[in-house]
Amino acid sequence: MGRLLFFSNNKNKIIEIKKIFDKFNLQLLSLTDVGISDEPAESGQTFEENAKIKSDYGYNKTGIPCFADDSGICIESLNWKPGVYSKRFLNDFKKKEVCFNSIIKSIKKNGKKNAYFKTSISLTINNNQNIIFNGKINGKISGQIKGRFGFGYDPIFIPQHYNKTLAELSTKEKNEISHRSIAVTKLINFLAN
Ligand code: IMP
């Protein structure tokens with residue numbers, strides 16, 4: 001059985017990914033399993049660069065094929081930011097509702113409603129050998145904060161062809177269309193072949 005390392009400290013993501021990998025004849029290892037407690041600085045300018053920094057780091061430390069992901073939201077009315085700074089941008093506000101309202105206000109001001117979420121997964125399988133899998137979901141920013149499911153920016157993001165925010169969709173419904181599941185499916189198809 002082959003081994004694969006998932007470079008993430010996010011417990012929810014690890015559970016989600018472990019579930020997906022259950023059907024494969026692969027031993028999925030977490031950072032705890034291999035005794036890595038430090039992480040490299042996410043100093044990249046793009047999701048792809050940050051994902052690669054993490055998957056290369058995991059591979060170089062262990063010699064085990066390693067994948068890592070990086071994701072975020074890009075909002076037209078904020079000049080397609082915060083992008084790779086999505087987590088920090090939200091955390092810089094005292095409450096997430098304050099952040100959401102400031103985004104909604106900017107849209108009401110300039111009328112630019114478009115937004116997308118993107119995930120990049122990098123798989124490092126050898127020295128200097130890395131493959132990127134991208135997933136994207138287009139949509140728009142809602143006029144109101146809505147829904148109680150999901151996390152992050154879900155309560156203000158309405159996927160294209162929907163009239164509900166991601167936070168109003170069940171986890172199952174979200175997983176069927178999300179940027180993360182699109183990228184993970186591409187990774188799995190690659191590994192399966
Ligand atoms: P990460 O790189 O997947 O940890 O994502 C970085 C940040 O982007 C998160 O902390 C969230 O604020 C935002 N984000 C990424 N994916 C999603 C999502 O599916 N829904 C809402 N926010 C997300």
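Please refer to the structure placed before this passage.
A few points on the structure. Keep in mind it's a predicted model, so treat the numbers as computed, not measured. (Residues numbered from 1 in each chain as written. Predicted model: local features only at pLDDT ≥ 70, side-chain atom pairs only at ≥ 80, totals over all residues. Heavy atoms only, no water.)

Let's shift gears to the overall build of the protein. Helices and strands together make up the secondary structure of the protein, namely six helices and seven strands. In sequence order, the protein lays out its α and β elements as β-α-β-α-β-β-α-α-β-β-β-α-α. Its C-alpha atoms give the protein a radius of gyration of 17 Å, near enough to 16 Å, the size a compact globule of 193 residues would have. C-alpha extents for the protein along the principal axes are approximately 55 × 30 × 25 Å. Taking all 193 residues of the protein together, the buried fraction comes to 43%. Considering only residue pairs separated by 6 or more positions, the protein has 59% of its internal contacts joining residues 24 or more positions apart. Carbon and sulfur atoms form 48% of the exposed surface of the protein, whose accessible area is close to 10800 Å². Within the protein, the 18 negative side-chain charges are centred at a point lying 6 Å from the centre of the 30 positive side-chain charges. (Helix = DSSP H or I, 4+ residues; strand = E, 2+ residues; numbered from the N terminus. Rg over C-alpha atoms; globule rule 2.2 N^0.38 Å. Buried < 20%, exposed > 50% of the residue type's maximum accessible area, 1.4 Å probe, protein only. Contact = heavy atoms within 4.5 Å. Areas by Shrake-Rupley, 256 points an atom, 1.4 Å probe, with all protein chains shown as cover. Lys, Arg positive; Asp, Glu negative; His and termini not counted. Charge placed at Lys NZ, Arg CZ, Asp CG, Glu CD.)

Burial analysis of strand 5 (residues 114-126) places ten of its 13 residues in the buried class, the great majority of the element. In this structure, strand 5 lies alongside strand 6 (residues 129-141), joined through twelve bridges in antiparallel fashion. Residue pairing for strand 6: F117 is matched across the bridge by I137. Between strand 5 and strand 6, which pair antiparallel and follow one another directly, the connecting turn spans two residues, one of which, N128, has a positive phi of 60°. (Pairing = 2+ DSSP bridges.)

Neighbouring the ligand are 14 residues, the closest being K13, S71, D154, K174 and R180. Here a nitrogen atom of the ligand sits 2.7 Å away from a polar atom, N or O, in the side chain of R180. Considered on its own, the ligand offers 470 Å² of accessible surface; in the complex 89% of this is hidden by protein. When residues of the shell around the ligand are traced back to their parent elements, those giving at least two are strand 3 (66-75), helix 3 (86-91) and helix 6 (179-192). In terms of residue count, the dominant contributor to the shell around the ligand is strand 3 (three residues). Considered class by class, the residues forming the shell around the ligand number three nonpolar, five polar and six charged. (Near = heavy atom within 4 Å. Polar contact = N/O pair within 3.5 Å; in protein donor to acceptor, adjacent residues only side chain to side chain. Nonpolar A, V, L, I, M, F, W, Y, C, P; charged D, E, K, R; others polar.)

Once that is clear, we can look at the nonpolar core. General note: in soluble globular proteins, nonpolar side chains tend to be found buried as a group. In terms of nonpolar packing, the biggest core is built from 17 residues, with I73, I103, F117, I141, Y153, I156 and F157 touching the most fellow members. Per-element accounting of this core gives the leading share, five residues, to helix 4 (residues 96-110). Not counting the four nearest positions on each side in its chain, I103 is found in contact with I75, S77, L78, F89, I141, Y153 and I156. F67, I121, A183 and V184 belong to the second largest nonpolar core, which has 14 residues in total. (Core = buried A, V, L, I, M, F, W, Y, C linked by side-chain atoms within 4.5 Å.)

Note on terminology: disulfide describes a covalent bond linking the sulfur atoms of two cysteines. Summed over all chains, the structure comprises zero disulfides. Free of any disulfide, C74 has its nearest neighbouring cysteine sulfur in C99, separated by 14 Å. Take C74: its relative accessible area is 5%, and that puts it in the buried class. (Disulfide = S-S within 2.5 Å.)

In short, geometric facts, not functional conclusions.
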